[in-house]
Amino acid sequence: MAITQTNEQTVPADNGEVNLLIARQVEPGHEETFEAWAHGILETAARFPDHLGYGLFRPAVEGGPWFLVHRFRDQAAFRRWQDSAERAEWFSNCLGHHHTEIARRELQGMETWFAKPGTTRPAPPRWKMAISSGLAIFPISLVGNAVLGPYLVDVNFVLRTAAFAVVFSTLMTYAAMPAVSRLLRSWLTKG
């Protein structure tokens with residue numbers, strides 16, 4: 001897989017960013033036409049206000065789906081693109097390109113931590129996400145302060161805070177939130 005363009009951004013917290021992931025199936029022999037179309041629509045979207053970046057991912061295996069990714073600052077920016085004449089024009093001109101949308105997923109804020117890959121189940125209510133996040137943050141904060149605190153006590157406040165932020169966000173993303181989401185899955189998915 002290859003990313004054709006990236007704009008480095010932070011992983012969204014609960015700040016309203018919208019990430020759109022689209023999977024499209026391309027008929028064999030039409031990959032080049034599809035790729036040109038995909039580049040065109042992605043670059044057009046990138047010119048819209050508050051569009052934060054995009055990516056185009058080729059299939060991992062021959063015949064697999066292609067993935068298009070858009071990032072928007074907020075729901076309003078996402079809606080401007082979705083409802084735009086420019087987007088409608090790209091879709092009115094894609095007949096004969098031999099590709100079909102097979103999946104679409106919109107992720108906002110902390111939903112990215114609670115989303116199970118390959119599902120379209122909505123994220124849990126925000127209050128449940130807040131409780132789950134707190135349960136993940138608390139032990140990391142205790143251990144982090146106990147282990148790192150004594151070594152960083154004489155370090156500049158800004159550098160000490162940066163060190164904690166890097167360690168905490170990494171552990172939250174790769175260890176704590178996946179574990180908490182798995183442990184609380186049934187509670188999180190109850191209405």
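Everything quoted here is computed from the prediction, not taken from an experiment.

1. Details of a nonpolar patch on the surface
On the surface, Phe138, Leu142, Val143 and Val147 cluster together into a nonpolar patch covering about 400 Å² of accessible area. Among the structural elements, leucine 142 can be located in helix α5 (residues 126-152).

2. Side note on empty space enclosed by the protein
Within this structure, the stated rule accounts for two cavities of 30 Å³ or more. Put simply, the largest cavity is a space of about 80 Å³. Lining the largest cavity are 13 residues, with Ile22, Ile41, His70, Phe91 and Arg104 positioned closest to its centre. When contributions to the lining of the largest cavity are tallied by element, the ones reaching two or more residues are β1 (18-26), α1 (31-46), β3 (66-72), α2 (75-82), α3 (85-92) and β4 (99-108).

3. Points about the packing of aromatic side chains
Under the counting rule described, the total for this entry stands at six aromatic pairs. Taking the centre distance of 5.9 Å and the plane angle of 35 degrees together, the rings of phenylalanine 34 and tryptophan 37 count as tilted. Pair noted here: phenylalanine 34 and tryptophan 37 are both in helix α1, with a separation of three residues, about one helical turn. Comparing phenylalanine 34 with tryptophan 37, the two get one shared label, buried. Residues tryptophan 37 and phenylalanine 91 carry aromatic rings whose centres are separated by 5.3 Å and whose planes lie at 80 degrees to one another, so their mutual orientation is edge-to-face. Pair noted here: tryptophan 37 is in helix α1 and phenylalanine 91 is in helix α3, with a separation of 54 residues, a long-range link.

4. Structural notes on the UniProt feature "transmembrane region" (unreviewed entry) in the protein chain
Mapped onto this numbering, the UniProt entry annotates "transmembrane region" (unreviewed entry) at residues 130-151 and 157-177. Split by type, residues 130-151 is 100% helix and 0% strand. Its first and last C-alpha atoms lie 30 Å apart.

5. What about the packing of α1 against α3?
At a closest axis distance of 10 Å, the pairing of α1 and α3 adopts a crossing angle of 175 degrees. The angle between α1 and α3 falls in the class roughly antiparallel. Where α1 abuts α3, its residues Trp37, Gly40, Ile41 and Thr44 lie against Glu86, Trp90 and Phe91. In the contact of α1 with α3, the residues fall into four nonpolar, two polar and one charged.

6. Some details on the pattern of salt bridges
Pairing is possible between side chains of opposite charge, provided their charged atoms come close. The final tally for this structure, using the stated rule, is five salt bridges. Among the salt bridges present, the one from glutamate 35 reaches arginine 58, with a minimum N-O distance of 2.4 Å. Placement of the pair is glutamate 35 in helix α1 and arginine 58 in the loop between β2 (51-57) and β3, with a sequence separation of 23 residues. Where aspartate 83 meets arginine 79, a salt bridge forms, and the shortest distance between an N and an O atom there is 3.3 Å. Through salt bridges that share partners, Asp50, Arg73 and Arg80 make up one connected network.

7. A short note on unusual backbone geometry
Although it is not a glycine, aspartate 50 sits at a positive phi angle of roughly 65 degrees. Within the secondary structure, aspartate 50 sits in the loop between α1 and β2.

8. Here's the deal with the side chain of histidine 51
Looking at the element boundaries, histidine 51 is found in strand β2. In this structure histidine 51 comes out as buried when scored by relative accessible area, which is 10%. The residues contacting histidine 51, other than those within four sequence positions of it, are Ala45, Ala46, His70, Arg71 and Phe72.

9. Comments concerning the environment of glycine 55
Mapped onto the elements of the fold, glycine 55 is located in strand β2. Residue glycine 55 is classed as buried on the basis of its relative accessible area, which comes to 3%. Residues glycine 55 and arginine 71 lie 16 residues apart in sequence; the distance between their C-alpha atoms is 9.2 Å.

The rules behind each value
- Residues numbered from 1 in each chain as written.
- Predicted model: local features only at pLDDT ≥ 70, side-chain atom pairs only at ≥ 80, totals over all residues.
- Heavy atoms only, no water.
- Patch = residues over 30% accessible without salt bridge, like charges linked within 9 Å, V, L, I, M, F, W, Y side chains within 5 Å.
- Areas by Shrake-Rupley, 256 points an atom, 1.4 Å probe, with all protein chains shown as cover.
- Salt bridge = Lys/Arg side-chain N within 4 Å of Asp/Glu carboxyl O.
- Helix = DSSP H or I, 4+ residues; strand = E, 2+ residues; numbered from the N terminus.
- 1 Å grid on protein atoms, 1.4 Å probe; cavity = no way out; pocket = protein on both sides within 12 Å on 5 of 7 lines; lining within 4 Å.
- Points joined across faces, edges and corners; volume = space filled by probe spheres on them.
- Phe/Tyr/Trp six-rings, centres within 6.5 Å; stacked < 30°, edge-to-face > 60°.
- Buried < 20%, exposed > 50% of the residue type's maximum accessible area, 1.4 Å probe, protein only.
- UniProt positions renumbered as here; feature names shortened; annotations may be inferred.
- Axes fitted to C-alpha atoms, helices over the stretch in contact; angles between N-to-C directions.
- Parallel < 35°, antiparallel > 145°, perpendicular 65-115°, else oblique.
- Contact = heavy atoms within 4.5 Å.
- Nonpolar A, V, L, I, M, F, W, Y, C, P; charged D, E, K, R; others polar.

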